[in-house]
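# Summary of structural features
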Amino acid sequence: MSPETDLPIPPPEAVPDPAVEARAAVLARLDAAKVAADVAETSYRAEAARRTEELARERAHAWRRADLMRSLATALDGIGDAEMAAAAGQALLRARLGWSDDSEARAEVLARFAPVAVALFEMESEAAPQTALAAFEDWYATTRQSAFWYLFEHYLPDTPLVDF
């Protein structure tokens, strides 16, 4: 016996099965598709949530804007001059925001709101009150880094009346 015959004979190289390789490729594509679908769904849900929040904020601001201006229009009924209109507008805003005490910041907001009341009182054009309100909102957003309408979101608890 020769030393060459004592060595084990290696098995013949396995010939790849084309069907196995094809199935593996199909499964890899399906796995990639499920990951891509998951990423797309997650992205869509995040975008939808962001957009829903944005629309809800715009809706809330539009309702608050319309409600305040409607109340202001009612408050201006019977007012005799622009100075009284400004004062009525400031009083209305102070009451709506629950501002019973004064501060420098509040005084500035009230002073900047007065032209809105005057524009609604004078009605020089249909666009004048909206333009004045937009200018006020822009000023507020620029100086306070938030929308004016967020002031209306603060919950003011009822103060219980106590008789002694």
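Below or above, wherever it landed, is the structure these notes cover. On a predicted model such as this, the values are computed, not experimentally measured, just so you know.

Before going further, it helps to examine the nonpolar core. In terms of nonpolar packing, the biggest core is built from 24 residues, with L72, L93, V109, V116, F136 and F148 touching the most fellow members. Of all elements in the fold, only α2 (18-76), α3 (82-97), α4 (104-122) and α5 (127-144) reach the threshold of two or more residues within this core. The dominant element in this core, judged by the number of residues it contributes, is α4, at seven residues. When neighbours within four sequence positions are excluded, F136 is seen to be in contact with V109, R112, F113, V116 and F148.

This part covers α3. Three- or four-residue spacings in an α-helix give side chains the same orientation, since the helix completes a turn every 3.6 residues. Between its first and last C-alpha, α3 extends 22 Å over 16 residues, near the 22 Å set by a 1.5 Å rise per residue. For α3, the full list of buried residues reads A85, A86, A88, G89, L92, L93 and L97. Each buried residue of α3 sits inside an arc of 165° when the element is viewed along its axis, so together they form one side. Exposed positions of α3 whose direction lies more than 90 degrees from the buried face are E83 and A95. Near the N-terminus of α3, the side chain that reaches the backbone nitrogen of E83, with its oxygen 3.3 Å away, is that of D81. At the exit of α3 stands G98, carrying a positive phi of roughly 70°.

Rules behind the numbers
Residues numbered from 1 in each chain as written. Predicted model: local features only at pLDDT ≥ 70, side-chain atom pairs only at ≥ 80, totals over all residues. Heavy atoms only, no water. Core = buried A, V, L, I, M, F, W, Y, C linked by side-chain atoms within 4.5 Å. Buried < 20%, exposed > 50% of the residue type's maximum accessible area, 1.4 Å probe, protein only. Helix = DSSP H or I, 4+ residues; strand = E, 2+ residues; numbered from the N terminus. Contact = heavy atoms within 4.5 Å. Expected span 1.5 Å × (residues − 1). Arc of directions from axis to C-beta. Polar contact = N/O pair within 3.5 Å; in protein donor to acceptor, adjacent residues only side chain to side chain.

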